[in-house]
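Overview (structure and organization)
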Amino acid sequence: MKSSYDLIVIGGGTGGNGVARMTANAGWSVASIDSEPHGGTCALRGCDPKKMLIAVTEGVEWAENMKGKGLEAQPAVNWPDMTAFKRTFTDSMPLRIEAGLEKAGIDVLHGQARFTGPDTIELNGETLRAKYFHIATGARPMTLNIPGEEYLATSTEFLELPERPNRIAFVGGGFIAMEFAHIAKRSGASEVTVLEMMDRPLGPFDPDLVAMLVEATEELGVDLRTKAKVAKIEKQGDEFLVTVERPDGTETVTCDLVVHGTGRVPNIDRLNLEAAGVEYTRRGIKVNTAMRTSNPAIFAAGDCADSGLNLTPVSAAEGRVAGKNLLAGKDARKVKYPPIPSVVFTLPMVATLGLSEAAARERGLTFDTHFEKTEGWYSSLRVGAKRTAYKVLVERGSGQILGAHLIGPGAEEQINLFAMAMGAGQTANQIKAMIFAYPSYASDIGSMV
Ligand SMILES: Cc1cc2nc3c(=O)[nH]c(=O)nc-3n(C[C@H](O)[C@H](O)[C@H](O)COP(=O)(O)OP(=O)(O)OC[C@H]3O[C@@H](n4cnc5c(N)ncnc54)[C@H](O)[C@@H]3O)c2cc1C
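Presented here is a report on the structure given in the accompanying data block. (Residues numbered from 1 in each chain as written. Predicted model: local features only at pLDDT ≥ 70, side-chain atom pairs only at ≥ 80, totals over all residues. Heavy atoms only, no water.)

**Re the sheet that holds strand E12 (residues 239-246)**
With antiparallel pairing, the three strands of this open sheet are ordered in space as E11-E12-E13. Unpaired on one side and paired on the other, strand E11 (229-236) and strand E13 (249-255) mark the two borders of the sheet. Across this sheet, the average inter-strand angle for adjacent strands is 20 degrees, counted without regard to direction. Examined bridge by bridge, E11 and E12 share seven bridges and lie antiparallel to one another. (Pairing = 2+ DSSP bridges. Helix = DSSP H or I, 4+ residues; strand = E, 2+ residues; numbered from the N terminus. Axes fitted to C-alpha atoms, helices over the stretch in contact; angles between N-to-C directions.)

So, in structure tokens, the structure goes:
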């Protein structure tokens, strides 16, 4: 380990690794630091491991939907085997990532980095100096300030559970809680409860489609309670008592595990940003469109920055801009966000892109809403999918797609096609004129606009 570098990257996830590689490839001396093994949230504790568990539970859903249609056996999930399957991916990732960084000439370091000045950090008691820094420290579960908060399991702990508890409560009804509740229930948990403070889960997603997902979630057997504010958590022997305030009074949920699902906040508390002259708010490190912070020699990207959505491809895109500007020595590139799709990987999946109806109205846009339930469409009938629909907003006159919202199988890929079309400025008529392979989920798109 050297004591001085051209660039030190703090955070070895999506928002950091690309910057380390770009600059090292250009001949810079670079160190990449993570307090955990390198790989970041998405690969080790988020998107990827989660979807491996979902892949297994998809088998359960598929068999359920095909019951009476010629498929007789109903599978059951073996939790330890399923998590072992997940580890076939996650266990090898840090080694692969760290080897890749080292091959690029980057010093891979571990520890909790903390600024001690505008160009210095402390790492494991040593001082490291750099001409430039790039911060990509991600997000952490938000603090709830309720008694018994220490009993909350994190999403990381949920993904690592060696055995599946029978009674699981999720505090909050965001995308992580909803996805995990579906995984837990399809894996055989007897009581799965989601406690959402607002009057519906998944606030940023289309209310009509979320209502359909709520029906599906309840039919699955998840106890989804809205207007349910968790006031405290107590531990009694091996179980937890979760006190919930609701409009009609106080309720108690007894469970074996309580999981934090209320959202994540920028992971910047322990960086001592004041020492570096880096400004921040509750939304994260303040960055300009070049991803440069208030200290011109320090950049930031991803979930820790006050910039775009907290999603993996967004952190990668922001990192690319930071890397280009570091190499250029000036703010040569500005971050431009194309229409960004986002998906809740429940079954059925819900996907969203662009404007909601409410947001389009607020902007004074004139548009037609194409909203239809598609349970009777071939693509839903073929796989026995029950709750499927689309809502696409098409601007009157221009024919531009303002927003697309989908529920059902195939939504995760259909939404990407809408993102391409929106990004390319394609109109509804141009989408209709496309010829897609048939039968496929993509081939439904022309009928949605
Ligand atoms: C359960 C879950 C599921 C998700 N699913 C999806 C999904 O399906 N699709 C999607 O797009 N996004 C998903 N996300 C969000 C996605 O994982 C993040 O947006 C993305 O990983 C952010 O990347 P990043 O590089 O900004 O931060 P991270 O990947 O979180 O990397 C930050 C790294 O910094 C390290 N670090 C922090 N502080 C310090 C310090 N002081 N010193 C040294 N190292 C430090 C951390 O250990 C961490 O490894 C999910 C997140 C979670 C938690």
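There is more to say after this.
**Thoughts on the site of the ligand**
What surrounds the ligand is a group of 38 residues, the closest being Gly15, Asp34, Thr41, Lys50 and Asp303. In this structure, Gly15 approaches the ligand through a main-chain N or O atom, which is 2.7 Å from an oxygen atom. The separation between an oxygen atom of the ligand and a polar side-chain atom of Lys50 is 2.5 Å. Burial of the ligand by the surrounding chains reaches 95%, relative to a free accessible area of 1,000 Å². (Near = heavy atom within 4 Å. Polar contact = N/O pair within 3.5 Å; in protein donor to acceptor, adjacent residues only side chain to side chain. Areas by Shrake-Rupley, 256 points an atom, 1.4 Å probe, with all protein chains shown as cover.)

**So, the pattern of salt bridges**
All chains considered together, the criterion is met by 23 salt bridges. One salt bridge connects Arg140 with Asp269, and the closest N-O pair in it is separated by 2.7 Å. Of the two residues, Arg140 is situated in strand E7 (residues 139-141) and Asp269 in the loop between strand E15 (264-266) and helix H9 (273-276); the sequence distance between them amounts to 129 residues. You can call Arg140 partly exposed: its relative accessible area is 23%. Salt-bridge contacts for Lys286 lead to Glu279; the nearest nitrogen and oxygen are separated by 3.4 Å. Look at Glu279 and you get partly exposed, because its relative accessible area is 42%. Salt bridges here are not isolated pairs; linked through shared partners, they connect Asp206, Asp208, Glu357, Arg361 and Lys391. (Salt bridge = Lys/Arg side-chain N within 4 Å of Asp/Glu carboxyl O. Buried < 20%, exposed > 50% of the residue type's maximum accessible area, 1.4 Å probe, protein only.)

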